[in-house]
Amino acid sequence: MAGSTASSVRSKVKAKGVQDSGRTNSPSEDVANLHQLEAQHGILGIVLLLFCGTVSSYLCTYLPEALTAADLDRHPTAFIAERAWDNLQVLNDFGPKPTGSRANELGAADYIRREIEKAKTTAHAAQLLETAHQTISGAYPIAFLGNPLTSVYRNAQNLVVRLAGRSEDGERAALMLNCHYDTVASSPGASDDGGSCAVMLEILRVLSRAPERNRHSIVFLFNGAEETPLQAAHGFVSQHRWAGDVRAFLNLESAGSGGKEQLFQAGPQHPWLIEAYGRAVRHPAAQTVSEEIFQSGIIPSDTDFRIFRDFGHVPGMDFAHTINGYRYHTRFDTIDYLTLPVLQRTGDNILALTRELANGEELGRVGSDPNLAEGYSVFFDVLGLFFVSYSASTGQIVNVMLAVLSLAVPLMELCRQVRRVGERSVLNQTLVGLLGTVCGTAASVGVVLLVANRLDAVGRAMSWFSTPYLILGLYGCPVILMHWFAHRLCSHWFSNNKSPLNLTQTVRARLIGVNLFWTLLIIPLTLANIRSAYIIAVIVLLSLLSTILTSVLGYQGQPRRWLALHLAFQIPTLLWATKFYHLLVKLFVPITGRMGAGSNPEYLIALLVACFGLLCVSYLVPLVGLLKGTSELTARMTVFAMIAFLLGCCTQVGFPYRDESNGEPSVQRHYVTHTLQVAHRDGAVVSEGAGFLFREMDRNAVRVIRGVAKPAEAVPMRQMETCRTMLFCGVPFYSIWHQIRFNNYWMEGFSPAIEKHTLPTFELVRVHQNSSSVRQYSFEIVHRHQTCVQSALIIAPKPGVQLVDWSLMDTVPGTIEFNGERAHFVLITYGLADEAPWTVTFAFEYDPEHLPDGAGAKLFDVSWVNTYWEHGDKHTDEFRKLIDQFPEWAHVIPSVAVVNITAH
């Protein structure tokens with residue numbers, strides 16, 4: 001802004017404008033008012049931002065005190081975290097429990113079954129508690145990243161409990177609670193999802209001991225195959241006799257290790273569920289924006305919610321812990337990193353919600369009343385203190401009304417002060433405020449993307465991974481500076497010393513320009529049915545309330561009081577905005593460690609900071625016009641950014657990963673598969689190879705992979721020699737996500753140690769010519785040994801041949817594409833071992849006249865892949881040495897695979 005001379009000129013012009021407009025403020029009052037503020041007062045805005053960010057961070061992680069067994073006498077019907085902790089300790093001590101492993105199929109399943117029987121024996125006489133042990137086999141089509149997959153499961157287990165309700169003789173409506181006790185390989189799964197199963201066991205104990213039945217039945221589903229993915233849930237909804245009674249469900253999940261359980265998706269539609277949540281839950285943590293982010297597909301995870309929704313056609317709510325996602329699916333997901341208050345908070349909320357739903361009338365009506373199923377909700381908690389929800393249609397009206405009022409009210413109020421002589425100036429300065437906000441937003445996005453690009457280019461990507469505070473310096477300071485510069489430049493370019501507005505009125509007009517910016521954003525978002533526009537609506541509402549209170553209190557002509565009131569309303573604004581910053585940073589920073597190397601994670605974090613930085617500073621930056629000068633504040637912000645850049649690029653502070661020595665492990669993930677490749681022709685082996693397949697899980701992984709592989713070379717997967725001779729390069733295909741989306745690397749090596757008698761077999765037993773153009777092949781699959789092994793079938797019809805029918809299920813999904821080849825992909829998971837062979841058939845249609853070898857022509861290639869996940873005692877010395885070469889801050893998930901490729 002201008003210096004003291006210009007300020008004096010502006011004061012005189014302003015005084016004349018005041019006389020002309022009939023105002024009573026004296027020139028001397030303005031000379032002494034806010035445009036005399038010293039530059040260091042600008043630091044107060046930064047301090048206010050940091051203070052509010054600290055408070056919101058605390059509220060985001062605050063947990064209630066846990067109850068112990070000593071509290072039972074005072075709270076006989078309450079959730080007791082200590083009892084759930086005892087269950088979790090046992091589940092944790094089983095170690096990794098992938099489906100098919102002895103730890104899962106025999107250990108964890110048997111323990112949960114015994115705990116259920118204990119609950120049955122201690123249940124109140126008024127209660128009826130039924131149990132069922134379900135062993136299921138089935139198949140269903142599902143797609144990931146738009147690629148179709150046939151998911152097959154054999155002898156997976158579900159442990160199911162039904163607590164009968166009062167309405168047994170009439171309506172058979174039930175609420176279902178679901179958790180999974182299986183884990184991924186190499187992870188004990190204390191949070192994902194042992195903690196949820198422990199919570200459900202305690203809820204079962206509490207409800208079964210109540211002297212009165214609930215109105216509706218409650219089904220507890222402890223499923224043993226979720227990570228496979230999502231298979232046991234399908235077995236329940238498609239085959240269990242109680243599945244037809246389920247009218248709603250609560251799915252308990254985890255994508256982190258501790259913190260609050262977030263309600264991150266609900267419905268679809270069925271707004272009564274959100275209303276029940278609002279009535280029942282004591283410690284709310286729920287955001288519509290979480291639902292829209294998760295359902296966009298940007299997060300590399302899925303839950304049983306999808307199965308219950310798509311195959312069971314049942315509405316429900318999905319909960320997950322998201323704090324400390326660094327430990328998710330690693331060896332550090334143990335009870336050592338959880339606390340009793342985590343279980344207490346989750347248990348309090350889920351128990352209260354279960355009681356609300358199981359005793360409400362909606363559960364009995366939802367099957368017959370279509371009105372209950374209609375409409376989406378906008379929902380959010382306010383700093384975890386209270387919960388707000390309303391219909392999406394109401395949200396659209398509210399958003400538009402707030403947008404209009406946030407412009408109309410302050411414009412009318414300010415124009416009334418300067419009527420006849422200043423209206424045009426108010427409009428001009430409003431446009432200056434809009435331009436400053438637009439330019440600041442564009443500049444901040446451009447600068448942080450440039451910083452993100454340069455950090456990646458110099459090999460310092462993810463320097464904030466273990467130290468998220470670096471984000472504030474690397475990206476937060478540039479965002480603030482760009483908004484600062486934009487408003488200063490716009491003020492300079494469009495300054496008018498002849499304006500009838502005094503300096504305070506000028507700043508207030510520019511703040512109306514900020515309202516205009518948000519209006520131009522919130523209305524299109526609302527029209528596009530993006531419910532997350534509520535985030536902006538709350539900020540606009542606070543700005544509107546500030547304007548109304550200014551008018552009611554008569555602070556229009558008292559600049560210091562107006563500023564104090566404006567800053568007072570910035571406190572809830574900053575608390576609101578920084579809450580979302582913390583929520584999304586704590587979610588996405590760990591996710592960047594498992595989203596592959598195909599995209600620069602710096603861009604994601606940079607854009608996140610630019611967006612929420614705008615929310616934080618949009619109503620603060622225009623106040624820079626009230627300061628004498630800003631060079632000192634600009635210099636300090638620049639120094640903070642440079643310090644963060646130096647820490648991130650030149651010191652160990654910016655090293656992305658940490659081992660457990662500091663108590664906060666944040667590891668780099670590596671999947672390494674020791675692979676045997678065998679190609680067959682007419683029953684004979686024609687080629688054989690072996691090596692190691694590495695998955696590139698994050699942006700920095702390839703450097704570690706190449707370092708571990710030395711002196712050998714790690715070759716990109718699609719450049720393998722076998723890509724010219726084997727179907728799908730001969731790689732152990734088991735995951736669309738890992739093999740198609742991620743970059744993989746191959747290193748030649750010796751053959752793995754395989755106990756061939758433990759391998760699931762896939763043998764041709766019969767070929768039948770159904771017609772002149774359809775040939776049917778029958779195979780037998782046998783899995784006799786209780787081992788953690790997963791099979792995959794990759795079936796690639798020859799040109800002119802089509803797979804038209806099979807015995808896996810009624811439909812044949814489309815093909816996936818890899819390395820220029822198309823094939824049907826079938827993933828097979830085994831639970832309990834079974835001596836009996838399983839026969840599968842495939843029917844291929846073709847034109848006999850176009851077959852090159854006539855009736856004896858091969859119709860398809862098939863790759864039969866078997867991957868052992870818990871096979872550590874069978875690793876070769878070479879494999880062990882390779883694993884040992886990874887640094888301490890790496891989490892390695894080793895596996896052994898055999899790939900057999902044959903033409904039929």
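The rules behind the values
- Residues numbered from 1 in each chain as written.
- Predicted model: local features only at pLDDT ≥ 70, side-chain atom pairs only at ≥ 80, totals over all residues.
- Heavy atoms only, no water.
- Domains from an automatic or database assignment.
- Contact = heavy atoms within 4.5 Å.
- Buried area = accessible area lost by both parts, 1.4 Å probe.
- Salt bridge = Lys/Arg side-chain N within 4 Å of Asp/Glu carboxyl O.
- Helix = DSSP H or I, 4+ residues; strand = E, 2+ residues; numbered from the N terminus.
- Patch = residues over 30% accessible without salt bridge, like charges linked within 9 Å, V, L, I, M, F, W, Y side chains within 5 Å.
- Areas by Shrake-Rupley, 256 points an atom, 1.4 Å probe, with all protein chains shown as cover.
- Buried < 20%, exposed > 50% of the residue type's maximum accessible area, 1.4 Å probe, protein only.
- Core = buried A, V, L, I, M, F, W, Y, C linked by side-chain atoms within 4.5 Å.
- Pairing = 2+ DSSP bridges.
- Axes fitted to C-alpha atoms, helices over the stretch in contact; angles between N-to-C directions.
- Polar contact = N/O pair within 3.5 Å; in protein donor to acceptor, adjacent residues only side chain to side chain.

Caption draft 1: Just the domain arrangement of the protein chain, in detail. In terms of domains, the protein chain is made up of domain 1 (80–138 + 156–384) and domain 2 (393–652). Domain 1 and domain 2 are separated by 40 Å when their C-alpha centres are compared. Contacts between domain 1 and domain 2 engage 27 residues on the former and 24 residues on the latter. Both sides of the domain 1 and domain 2 interface together cover about 2100 Å² of buried area, and 67% of this is carbon and sulfur. Considering only the surface of domain 1 that becomes buried against domain 2, E292, Y326 and L383 emerge as the three largest contributors, covering 27% of it. The tally of links between domain 1 and domain 2 comes to 3 salt bridges. Note that K579 is salt-bridged to D381, the shortest N-O span being 3.0 Å. Those elements giving two or more residues to the side of domain 1 that touches domain 2 turn out to be α9 (288–295) and β8 (377–382).

Caption draft 2: Quick look at a nonpolar patch on the surface. A cluster of nonpolar side chains, namely L541, L545, I548, L549, V552 and L553, defines an oily patch on the protein surface of about 470 Å² accessible area. Relative to the elements of secondary structure, L541 occurs in helix α17 (residues 534–553).

Caption draft 3: Representation of unusual backbone geometry in the model. Put simply, D192 and D193 share a cis peptide bond, and its omega is 10 degrees. Following the sequence through the fold, D193 ends up in helix α6 (residues 190–208). In this structure, the amide linkage connecting G267 to the following residue, P268, adopts the cis form with an omega of 0 degrees. For N155, which is not glycine, the phi torsion reads 60 degrees and is therefore positive. Along the polypeptide, N155 turns up in strand β2 (residues 147–163). Accessibility expressed as a relative area gives 15% for N155, which makes it buried. Its identity as a non-glycine residue notwithstanding, M462 has a phi of 65 degrees, on the positive side. Along the chain, M462 falls in the loop between α14 (423–457) and α15 (470–493).

Caption draft 4: Structural detail: the nonpolar core. Formed by 104 residues in total, the largest nonpolar core has its most connected members in W464, I471, Y475, W518 and W576. If one sorts the elements of this core by residue count, helix α18 (residues 559–591) sits on top with 17 residues. Built from parts of two domains, this core gets at least three residues from each of domain 1 (80–138 + 156–384) and domain 2 (393–652). When sequence neighbours within four positions are dropped, the list of residues in contact with W576 reads F380, D381, V382, Y534, I535, V538 and I539.

Caption draft 5: Up close: the side chain of H566. Note on placement: H566 falls in helix α18. When its relative accessible area of 7% is taken as the criterion, H566 is described as buried. Setting aside residues no more than four positions away along its own chain, H566 makes contact with L511, S546, Y619 and L623.

Caption draft 6: Layout of the sheet that holds strand β20 (residues 834–846). On the basis of which strands lie adjacent, the open sheet formed by 4 strands has the order β14-β15-β20-β17 and antiparallel pairing. Because the sheet does not close on itself, it has two edges, and the strands there are β14 (761–771) and β17 (801–806). In this sheet, adjacent strand axes meet at a mean angle of 30 degrees when their direction is disregarded. Pairing between β17 and β20: 5 bridges, direction antiparallel.

Caption draft 7: Structural context of the pattern of salt bridges. Summed over the entire model, instances satisfying the criterion amount to 32 salt bridges. Between R306 and D310 there is a salt bridge, with the nearest N and O atoms lying 3.9 Å from each other. Within this pair, R306 and its partner D310 are both found in helix α10 (residues 304–310), separated by 4 residues, close to a single helical turn. Of the residues examined, R306 reaches a relative accessible area of 17% and is grouped as buried. A relative accessible area of 34% means that D310 is categorised as partly exposed.

Caption draft 8: Highlighting the pairing of strand β5 (residues 246–254). The buried count for β5 comes to 8 of 9 residues, which makes it a mostly enclosed element. Bridging between strand β3 (residues 174–180) and β5 involves 5 bridges; their strand directions are parallel. Of the residues in β5, the one forming a bridge with M176 is F249. In this structure, β5 lies alongside strand β7 (residues 316–321), joined through 6 bridges in parallel fashion. For L252, the partnering residue across the bridge sits in β7 and is F319.

Caption draft 9: Structural view of the environment of H313. Examined against the element boundaries, H313 turns out to sit in the loop between α10 and β7. Given a relative accessible area of 64%, H313 falls into the exposed group.

Caption draft 10: Geometry of the side chain of Q668. By the element assignment, Q668 lies in strand β10 (residues 668–681). Separated by 2.7 Å, the side chains of Q668 and H670 make a polar contact. Not counting residues within four places of it along the chain, the set of residues in contact with Q668 comprises Y657, D698, N700, A701, V704, W889, A890 and H891.

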